[in-house]
2 protein chains.
Amino acid sequence: MPRLTADNLQARRRTIIDGARRSFARDGYEGATVRRLEAEIGLSRGAIFHHFRDKDSLFFAVAEDDAAEMAAVVAEHGLVQLMRDLRYRDAGWLGVQLELSRRLRTDADFRERWAARSETISRAARERLQRGVDRGTLRTDVPVGTLAAFLELVLDGLVLHRAMGVPDDDLDAVLDLVEGAVRR
Amino acid sequence: MPRLTADNLQARRRTIIDGARRSFARDGYEGATVRRLEAEIGLSRGAIFHHFRDKDSLFFAVAEDDAAEMAAVVAEHGLVQLMRDLRYRDAGWLGVQLELSRRLRTDADFRERWAARSETISRAARERLQRGVDRGTLRTDVPVGTLAAFLELVLDGLVLHRAMGVPDDDLDAVLDLVEGAVRR
């Protein structure tokens with residue numbers, strides 16, 4: 001295998017993660033066979049598993065990548081904005097979220113390894129809410145942790161609704177209400 | 001098969017639905033084979049499918065039974081109380097809810113047939129909220145339909161959280177916040 005520079009290595013990891021996301025979303029975790037992963041990523045199994053130990057590590061990396069991206073949106077624009085933009089996310093993202101919740105439900109080992117990662121979004125949410133409290137825009141009669149838990153509950157409801165194809169005509173008004181509930 | 005009186009018929013349907021619920025919850029829809037259904041219900045396949053056309057109709061009846069029971073709680077005590085009591089519901093109920101959301105996600109035909117039934121809970125929620133508005137306890141600056149959509153979103157987030165085993169130490173405080181968000 002030719003040596004890759006650091007930049008190329010980064011690009012290669014990105015290619016693998018993005019292709020794997022498409023395959024996990026379409027085929028599910030079990031259905032994403034090594035053959036399908038190869039076809040979707042456009043690399044041989046040797047090249048793929050040079051970067052990721054096994055399929056499980058690869059799924060973990062995809063979920064981690066999504067969590068990091070979501071945490072960045074939360075830090076910059078807040079959880080409510082993340083929810084408002086959910087409708088523009090593609091089926092790949094939704095598929096990974098659903099697969100993630102299935103794994104968390106059925107796989108205690110995975111759940112334990114994921115615990116630290118799932119903190120990424122919660123922490124970003126709490127930090128941003130604390131800044132809102134400090135600026136005087138958010139309510140102070142409820143602890144920031146409770147505000148964050150509330151918003152994360154609504155976020156997960158929204159993920160489930162999107163997954164089930166529940167119509168969201170009224171979504172903007174509902175999210176205005178959600179936003180109002182955490183404001184001063 | 002001996003003839004059953006109307007009461008016995010009711011009791012027989014109840015036995016079948018409750019046993020089927022346990023099997024669907026433990027084995028999933030696919031895993032609930034006719035043999036397992038027979039063992040859990042304690043009746044022969046002949047007796048079971050005398051009352052329900054096939055496994056699909058049986059699952060539909062179980063989900064319908066849960067929806068009717070939930071709608072009754074909502075009509076009497078409201079959606080927030082339904083959420084507060086969620087933690088006392090058993091794994092059987094949760095299993096059926098998860099299987100239901102999976103079917104709604106993956107089976108367009110089922111989704112269409114379910115649409116009318118899913119209205120049961122929404123309607124009970126809207127009617128109760130309207131009574132709160134009329135009594136002057138709920139806010140009037142947001143349409144009742146939006147309040148109901150908000151509460152149903154939180155309910156589904158809670159179902160997903162329970163399914164994933166997300167800790168709910170802060171749940172009472174979060175639901176106080178939710179309740180406050182719809183009050184005047």
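Details of the structure are given in the entry above.
Along each chain, the written sequence defines residue order, and numbers are assigned to residues from 1. Throughout, the order in which chains and ligands are written sets their labels, letters from A for the former and numbers from 1 for the latter. Totals for whole chains, interfaces and linings use every residue, but because this is a predicted model, local features are given only for residues with pLDDT of at least 70 and side-chain atom pairs only at 80 or more, for both listing and counting. Computation of side-chain values: all heavy atoms of the structure, hydrogens and water removed.

### Quick word on the packing of aromatic side chains
Side-chain rings of Phe, Tyr and Trp (the six-membered ring for Trp) are treated as a pair once their centres are within 6.5 Å; stacked means planes under 30 degrees apart, edge-to-face means over 60, and tilted covers the remaining angles. Inspection of every chain in the model, using the stated rule, returns 15 aromatic pairs over all chains. Relative to W114 of chain A, the ring of F110 of chain A has its centre 6.3 Å away and its plane inclined at 10°; by these criteria the two rings are stacked. Here W114 of chain A and F110 of chain A lie together in helix α7 (residues 108–135), a separation of four residues that amounts to about one turn. The burial state of F110 of chain A is the same as that of W114 of chain A; both residues are buried. Pairing F60 of chain B with W114 of chain B gives two aromatic rings, centres 5.5 Å apart and planes at 80°, and the pair type is edge-to-face. Taken as a pair, F60 of chain B in helix α4 (residues 55–77) and W114 of chain B in helix α7 (residues 108–135) lie far apart in primary sequence, 54 residues in all. You'll find F60 of chain B and W114 of chain B in the same group, each marked buried. Taken together, the aromatic side chains of F24, Y29, F59, F60, F110 and W114 of chain A make up a single cluster linked through ring pairs. Of note, K55 of chain A hangs over the ring of Y29 of chain A, and the distance from its end group to the ring centre comes to 4.5 Å. Helix and strand definitions follow DSSP, with helices as H or I runs of at least four residues and strands as E runs of at least two, each counted in order from the N terminus. Burial classes: relative accessible area under 20% of the type maximum marks a residue as buried, over 50% as exposed, and values in between as partly exposed (1.4 Å probe, protein chains only). Ring-over charges, as used throughout, are those where CZ of Arg or NZ of Lys falls within 6 Å of the ring centre and within 35 degrees of the ring normal.

### Topic: the relation of the copies chain B and chain A
Least-squares fitting of chain B to chain A yields an RMSD of 0.0 Å, with the transformation described by 0.0 Å of translation along the axis and a rotation of 180°. In symmetry terms, the pair is related by a two-fold rotation axis. Relative to the rotation axis, the C-alpha of G157 of chain B is the closest in chain B, positioned 1.7 Å from it. The contact rule is simple, with two residues in contact once any of their heavy atoms fall within 4.5 Å. Interface overlap between copies is the fraction of interface residues in one copy that are interface residues in the other; for chain B against chain A it reaches 100%, indicating a shared surface. In this comparison the copies share one frame, found by least squares on the C-alpha atoms of residues holding pLDDT of at least 70 in both.

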